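# Architecture at a glance
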Amino acid sequence: MKTQKKSLVLASALAIGMAGLGVAQETARFTPRRTPMRVLVLSLASLLLLTSCASYFLRKDCEKTNWFQYGQGVAMQGKRLSGDERVKQCEAAGADINGADLSRGFKAGMASYCMPDTVFQNGKKGEFFNVEMCDGEQPRFLQKRHAEGVKEYCAKSNGYSAGATGRKYNNICPKDQEAAFMPEFNRGRKTYLKATIENNETRITEIDSNVVGIDRERIMLLTQLSAMGDGKVITREMKYDPITRSSREEVKVTEDPETARRRDNLRYDLERKQREIETKRAEQETLRKANRELKTELATL
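Residues numbered from 1 in each chain as written. Predicted model: local features only at pLDDT ≥ 70, side-chain atom pairs only at ≥ 80, totals over all residues. Heavy atoms only, no water.

### Digging into the packing of aromatic side chains
Applying the stated criterion to the full structure yields 6 aromatic pairs. Ring centres 5.6 Å apart and planes at 75° place the aromatic pair Trp67 and Tyr70 in the edge-to-face group. Residue Trp67 and its partner Tyr70 are both found in helix α3 (residues 67-76); the two are separated by 3 residues, about one turn of the helix. Taking relative accessible area as the criterion, Tyr70 reaches 22% and is therefore assigned partly exposed. Ring geometry for Tyr153 versus Phe181: centroids 5.4 Å apart, planes at 45°, classification tilted. With Tyr153 in helix α7 (residues 139-153) and Phe181 in helix α9 (residues 175-227), this residue pair connects regions lying 28 residues apart in the sequence. Aromatic rings pair up to connect Tyr153, Tyr169, Phe181 and Phe185 into one cluster. (Phe/Tyr/Trp six-rings, centres within 6.5 Å; stacked < 30°, edge-to-face > 60°. Helix = DSSP H or I, 4+ residues; strand = E, 2+ residues; numbered from the N terminus. Buried < 20%, exposed > 50% of the residue type's maximum accessible area, 1.4 Å probe, protein only.)

### Focus on the side chain of Asn200
Mapped onto the elements of the fold, Asn200 is located in helix α9. With a relative accessible area of 12%, Asn200 lands in the buried category. For Asn200, the residues in contact, after removing those within four places along its chain, are Leu287, Ala290, Asn291 and Leu294. (Contact = heavy atoms within 4.5 Å.)

### A word on the state of the cysteines
In the structure shown here, the tally under the stated rule is 3 disulfides. Through a disulfide, Cys62 is tied to Cys90; the S-S separation comes to 2.0 Å. Across the S-S bond linking Cys62 and Cys90, the dihedral sits near -80°, which makes this disulfide left-handed. With a gap of 28 residues between them, Cys62 in helix α2 (residues 37-63) and Cys90 in helix α4 (residues 85-92) connect regions that are remote in the sequence. Between the sulfur atoms of Cys114 and its disulfide mate Cys134 the distance is 2.1 Å. Here the disulfide of Cys114 and Cys134 is left-handed, its torsion about the S-S bond being about -95°. Of this pair, Cys114 sits in the loop between α5 (99-113) and α6 (116-124) while Cys134 is found in the loop between α6 and α7, placing the two residues 20 residues apart along the sequence. Summarising the burial analysis for this pair, Cys114 and Cys134 share the class buried. (Disulfide = S-S within 2.5 Å.)

### Structural notes on the packing of α6 against α7
The interhelical angle for the contact between α6 and α7, taken along N-to-C directions, is 35°, at an axis separation of 6 Å. Relative to α7, α6 is oriented so that their crossing is right-handed. Residues Pro116, Val119, Phe120, Gly123 and Lys124 of α6 touch α7, and the partners they reach there are Phe141, Leu142, Arg145, His146, Glu148, Gly149, Val150, Glu152 and Tyr153. Of the residues in the contact of α6 with α7, the class split is 7 nonpolar, 3 polar and 4 charged. (Axes fitted to C-alpha atoms, helices over the stretch in contact; angles between N-to-C directions. Left-handed = near helix turned anticlockwise from the far one by under 90°. Nonpolar A, V, L, I, M, F, W, Y, C, P; charged D, E, K, R; others polar.)

### Observations regarding the environment of Glu206
As for its placement among the helices and strands, Glu206 is situated in helix α9. Along the chain, Glu206 and Gln284 lie 78 residues apart, while their C-alpha atoms are 9.6 Å from each other.

### Observations regarding the pattern of salt bridges
For the structure shown, the criterion picks out 19 salt bridges. Taking the shortest distance from any N to any O, the salt bridge between Arg292 and Glu285 comes out at 3.5 Å. According to the relative accessible area criterion, Glu285 is partly exposed, its value standing at 40%. Among the charged side chains, a network of salt bridges with common partners joins Arg203, Glu206 and Glu283. (Salt bridge = Lys/Arg side-chain N within 4 Å of Asp/Glu carboxyl O.)

Here it is as structure tokens:
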């Protein structure tokens, strides 16, 4: 009887313990885990470091800019500086922008942009004209010169050349010219698309060959790393213990500094080769994506 009671007590205790364990597990399962403060701090520090590095390189790049030429180029596109994205980015990065050069360049570009011959040439290249850029000029005369240039661009005889440049049609031609212009433009566009697709395919094949060569170098480095061994140096020394009045052997395991240096260099080279391969594959994927889009457009022409 005593044995049976002991068994029942043990069984009950075990059941209670298992039930408690189950509750604890379920509680842990549904209780959100708190992210350690150290992890949060490190993540924030990493993010700030990356942002700081990106801002630093952008600032340095901005400070290399020839702001006179940049301002001139913005004006020659028929745009205002107030909406220019690069200027905004450089200002946000804290770059030292030469505002005087930027302003002088913009004014010089605007003066050139509003010249009748420039307006005509822009129209002849199939570019739109922003008459609002030309304060104080004769807007009707400039618009007339632009229309004369557009008329030459939209001539049937210019259609093939315009399409073969690679620039997409921007609906600039008058309706009375567009019907004759577009078949020739599309013919030139097809030539451009086929040549670009072929060049991309050639580059994709070249990248395959490049990757094979880089991967061969990577495998050689990996073989060298594997053949190095652990580079451990074991030293044994007998030491006398005055407490026990006995000697005992002390073993020290260290790594040869030269071996450690060589191993680090090999690992660095391996990582570099892997990054090279990844960069090449990324370029390949970009080219493949571009070709898919070009082939889709080609099928519509």
